[in-house]
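# A structural walkthrough
Each chain, letter by letter, is given below.
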Amino acid sequence: QVLCAAVMVKHNVRVVVRPRPVANLPAKNIQIHHDADSIDLFIGKKEDAGPVNNQQDSWHFKLDKVLFNASQEQVFDECARDLIHNTMEGVNSTILAYGQTGAGKTFTMTGGSSNFRQRGMIPRSISHVFSEVAARPENQITVRLQYLEIYNELMFDLLADVQAAEQSGDNISVYEDAKGQIFFRGLKQVVVNSEEEALSVYFQGDTNRAVSEHALNKASSRSHAIFSILVESRSKVESSEKVIYSKFHLVDLAGSERAKKTGSEGLAMKEAAYINKSLTFLEQVVLALSDRNRDHVPYRQAKLTHVLKDSLGGNSKTTMIANIWPEMHHLEETASTLRFATRMMRVSNEATVNVHLDPVLQVKKLEKENKQLKQELMMHDTLANRGRVQYDEFTPDERRELEEEIKAFLSDKANNRIEVSSVRKVHESFEVFFKLYHQLKSQIADRPAMPQAQGEGEEMAADAAGHRGSATGVGDEEAGHGFSVGLAAAGARPPVEGIDGDDMPADGQSAAEPRRDVSDSRVEDSRAPDRQLAFLEFKEKEGKQFEEAFQQNKEDLKAKKLELKDVLSRVNLQKKEIDRCREALELKQMERSGAEESDVIDEEEYALIQRLKSEKAEYRLAFDNHQQIKKDIMQIEHMIMQCKTELVNAFSEWYNKRFGHLEGGDGTVSFDASGNQDLADDVEQFEMMAAEQMDRQHPDALAYYKAVKATNRTIRQKATQPKRR
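Because the structure is a prediction, the values reported are computed rather than measured.

## Side note on the overall build of the protein chain
When you go through the protein chain residue by residue, the secondary structure sums to 18 helices and 20 strands. The buried share among the 725 residues of the protein chain stands at 40%.

Next comes the structure, spelled out in structure tokens:
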């Protein structure tokens, strides 16, 4: 049962244009006015049209927003951030990426999987949804994911256990409920509990999409993909049978193509035909919605338009991102995309908050209210001196007493009368009359037929009634009572500090030994001086600046590690405080689960929830400080490595100039700045640079990279399986 709010607010589809970055923008043919959110196109008339040519050669397009040379983060802030907030409040939302092939739709929605900063709309939306979940501790929120692909007018489940290549494409169907909202049969929904888990599910599903190469795009999407985030939220403070439900569609449409430009043939040509056909039906739906005189909207002409019925003219807030390719070679496709965008701006949606009433919890609430009303009636009867009035159902013993009372009434002994004290007793009395009537009827029917005199039947009936009046109850009934017992089952890793790098070995020369100056006496020798002694002298004279920088970095590294140790202890203390608060909250919730009013939390539990939220915020600040210090340490270690390399290179150059002409003066240096032969190899340097880059990008990049790594591992495992279509 889905209820919608009474207030229905109309919103037009919001259109944002994102031009693809190009090296040379044809300023004579296309002018992008970023501040005015408009685009002007100038296309020359065809010369073979004849002397009289009324063909339009210029267009002015006014859009809701133009994002020129915008980053992925700017696009997300402009298009998705507010929609995610609406989704968490119970309003359906949709983002559509539309445009010609190669214009950047998939990059906008998905982004680069190997670069955290270049991640697209879908990974950023997943991250922001779980940030919103963490900011609402007073609500119990469930997040589900589903991923649908429409390929050649067949629908595939990208999250199913069966690979997409093994699916028939006709197992998923679209249906509408009584309110006209769209749902799916046969499409798997995956419950996710963390950002990393959700990203991993998305990445694994995205690897199953159908892609191919043509002249305009090396990895062109050959299908329409609809990734949906389904959110259910119920309050832990207020009424719990009221569930707020919403869905957030992120749609990556396949790009429209012209065969003469893409050079497609064979299967690629067939795929392009299905893509262009479905996009044509999409345009027909948009035209019908923008025309107020049209009564019928052809949603069912294609699978794509039927799936997007909520998003186009329905219960949803929708934003369309129009991706264009502003080059001279693609001016016609750019004009076509912008014309479709202006038509889309005229489509009006009615977005409402979806409220789902849980029938099980609603029944419990009604039973509770019924019990309270009965208690009030009993108090009223007591105050009115009405004695004990029965409002609940009769027990077997009470039914047996009532049956005896009715039998005495039927026998008319001692002129008995039935006292009617409540409506419940009236209903129970009629049930007893019905039972006695059918018992008498069956006994008469079972008797053998015998001749009898007139009036004998009445006497026998009266005798039988009297016999029944003296009979005892038929059998014993026992009331069973059940008891249910629920058991609720109720984790920190010690940090690993980096290896201290200030263990510089000795120079190999005693302090008491006098150090000879190799720059004067040994130049005249026939052999070059020992490189170790020459290196020690170089560090004291020509290479003193490198040695001082090296020692300064070592001191900074030591100070940072001491600071890291102090911050780490504070982080661990904060974690212990969070664990204590969580244990207290779980204990309080277990106590509440055994009470009658288990669906409403009290002030003490709410205070514990708020305290846990505050402790988590403080822990996050301390953890961010810990991450920043770790990044500083990695940076200092990198600078130490650079100092070592510069010192070795400078010494090699100096040694070759001074002693290269002498025997043994080849200048080969096999030791680092400390005199050891343990410089990092290529693999170690690469891993250090990768870790440094990941930490420098963003503290929250860890979940993203873990999901990417898990997906790549899955791809390698599936490498031997049959490929898709």
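## Comments concerning the sheet that holds strand β4 (residues 30-33)
Taken in spatial order, the three strands make up an open sheet running β4-β5-β6, and their pairing is antiparallel. Since the sheet does not close on itself, it has two edges, and those belong to β4 and β6 (58-62), each with one partner. The average undirected angle you get between the axes of adjacent strands in this sheet is 10 degrees. When strand β5 (residues 38-42) meets β6, the two strands line up antiparallel, connected through five bridges. In the sheet register, Leu 41 faces β6, and the bridge partner there is Trp 59. Of the strands in this sheet, β4, β5 and β6 are in contact with helix α9 (residues 331-344), which crosses β5 at around 140 degrees.

## Quick notes on the confidence of the model for the protein chain
Across the protein chain, the average pLDDT comes to 77, with 74% of residues at 70 or higher. Low pLDDT (under 50) marks residues 455-516, which in the prediction has 47 contacts with non-local residues, meaning those over four places away or in another chain.

## Details of the environment of His 224
With respect to the helices and strands, His 224 occurs in strand β16 (residues 224-235). With relative accessibility at 3%, the residue His 224 sits in the buried group. When the C-alpha positions of His 224 and Ala 254 are compared, they lie 5.2 Å apart, and in sequence the two are 30 residues distant. Not counting the four nearest positions on each side in its chain, His 224 is found in contact with Leu 148, Glu 149, Ile 150, Arg 209, Asp 252, Leu 253, Ala 254, Ile 275, Ser 278, Leu 279 and Leu 304. Polar side-chain contacts of His 224 include one of 3.0 Å to the backbone nitrogen of Ala 254. Separated by 2.7 Å, the side chains of His 224 and Ser 278 make a polar contact.

## A look at the pairing of strand β17 (residues 242-252)
For β17, a buried count of nine out of 11 residues is recorded, marking the element as mostly surrounded by other parts of the structure. Of the pairings in the sheet, the one linking strand β8 (residues 93-99) to β17 comprises five bridges and is parallel in character. Pairing of Ile 95 across the sheet is with Leu 250, part of β17. For β17 and strand β20 (residues 354-357), the ladder comprises three bridges, and the chain directions are antiparallel. Its bridge partner lying in β20, Ile 244 is registered against Val 355.

## Brief notes about the pattern of salt bridges
Applying the stated criterion to the full structure yields 26 salt bridges. Here Glu 176 makes a salt bridge to Lys 309, at a shortest N to O gap of 3.0 Å. Of this pair, Glu 176 sits in strand β11 (residues 173-176) while Lys 309 sits in the loop between α8 (303-307) and β18 (317-324), and the two are 133 residues apart along the sequence. For Glu 176, a relative accessible area of 27% puts it in the partly exposed group. Residue Lys 309 is classed as partly exposed on the basis of its relative accessible area, which comes to 22%. Asp 310 is paired through a salt bridge with Lys 247; the nearest N and O atoms lie 2.7 Å apart. Linking Asp 310 in the loop between α8 and β18 with Lys 247 in strand β17, this pair joins segments that are 63 residues apart in sequence. In this pair, the class of Asp 310 matches that of Lys 247, namely buried. Residues joined in a network through salt bridges with shared partners are Glu 89, Glu 132 and Arg 136.

## Describing the pairing of strand β9 (residues 139-151)
Alignment of β9 against β16, held across 12 bridges, turns out to be antiparallel. Across the sheet, Gln 140 pairs through a bridge with Arg 234, a residue of β16. When β9 meets strand β13 (residues 190-192), the two strands line up antiparallel, connected through three bridges. From the neighbouring strand, Arg 144 faces β13, where its bridge partner is Val 191.

## Describing a nonpolar patch on the surface
Side chains of Phe 409, Leu 410 and Phe 433 sit close together on the surface and give an oily, nonpolar patch of about 250 Å² of accessible area. Relative to the assigned elements, Leu 410 resides in helix α11 (residues 396-411).

## Structural notes on the packing of helix α2 (residues 81-88) against helix α4 (residues 121-134)
The geometry of α2 relative to α4 is characterised by a closest axis approach of 10 Å and an angle of 45 degrees between their N-to-C directions. By the angle class used here, α2 and α4 are oblique. Taken as a pair, α2 and α4 cross one another with a handedness that is right-handed. Contact with α2, carried on its side by Arg 81, Ile 84, His 85 and Met 88, involves Ser 125, His 128, Val 129, Glu 132 and Val 133 of α4 and no other residues of that element. Here the contact of α2 with α4 is composed, by residue class, of four nonpolar, three polar and two charged.

## With respect to the packing of aromatic side chains
Under the counting rule described, the total for this entry stands at 12 aromatic pairs. Where Phe 538 meets Trp 654, the ring centres are 5.3 Å apart and the plane angle is 40 degrees; that geometry is what we call tilted. Pair noted here: Phe 538 is in helix α14 (residues 531-540) and Trp 654 is in helix α16 (residues 603-659), with a separation of 116 residues, a long-range link. We note that Phe 538, like Trp 654, is buried. Seen in terms of ring centroids, Tyr 619 and Phe 623 are 6.1 Å apart; in terms of plane orientation they differ by 20 degrees. Their pairing is stacked. Placement of the pair is Tyr 619 and Phe 623 together in helix α16, with a separation of four residues, close to one helical turn. On the basis of relative accessible area, Tyr 619 is assigned to the partly exposed category, the value being 23%. One aromatic cluster is present, formed by Tyr 147, Tyr 202, Phe 203 and Phe 227 through successive ring pairs. The lysine or arginine in question, Arg 119, covers the ring of Phe 116, its NZ or CZ lying 3.9 Å from the ring centre.

Calculation rules
- Residues numbered from 1 in each chain as written.
- Predicted model: local features only at pLDDT ≥ 70, side-chain atom pairs only at ≥ 80, totals over all residues.
- Heavy atoms only, no water.
- Helix = DSSP H or I, 4+ residues; strand = E, 2+ residues; numbered from the N terminus.
- Buried < 20%, exposed > 50% of the residue type's maximum accessible area, 1.4 Å probe, protein only.
- Pairing = 2+ DSSP bridges.
- Axes fitted to C-alpha atoms, helices over the stretch in contact; angles between N-to-C directions.
- Contact = heavy atoms within 4.5 Å.
- pLDDT = per-residue confidence, 0-100.
- Polar contact = N/O pair within 3.5 Å; in protein donor to acceptor, adjacent residues only side chain to side chain.
- Salt bridge = Lys/Arg side-chain N within 4 Å of Asp/Glu carboxyl O.
- Patch = residues over 30% accessible without salt bridge, like charges linked within 9 Å, V, L, I, M, F, W, Y side chains within 5 Å.
- Areas by Shrake-Rupley, 256 points an atom, 1.4 Å probe, with all protein chains shown as cover.
- Parallel < 35°, antiparallel > 145°, perpendicular 65-115°, else oblique.
- Left-handed = near helix turned anticlockwise from the far one by under 90°.
- Nonpolar A, V, L, I, M, F, W, Y, C, P; charged D, E, K, R; others polar.
- Phe/Tyr/Trp six-rings, centres within 6.5 Å; stacked < 30°, edge-to-face > 60°.
- Lys NZ or Arg CZ within 6 Å of the ring centre and 35° of its normal.

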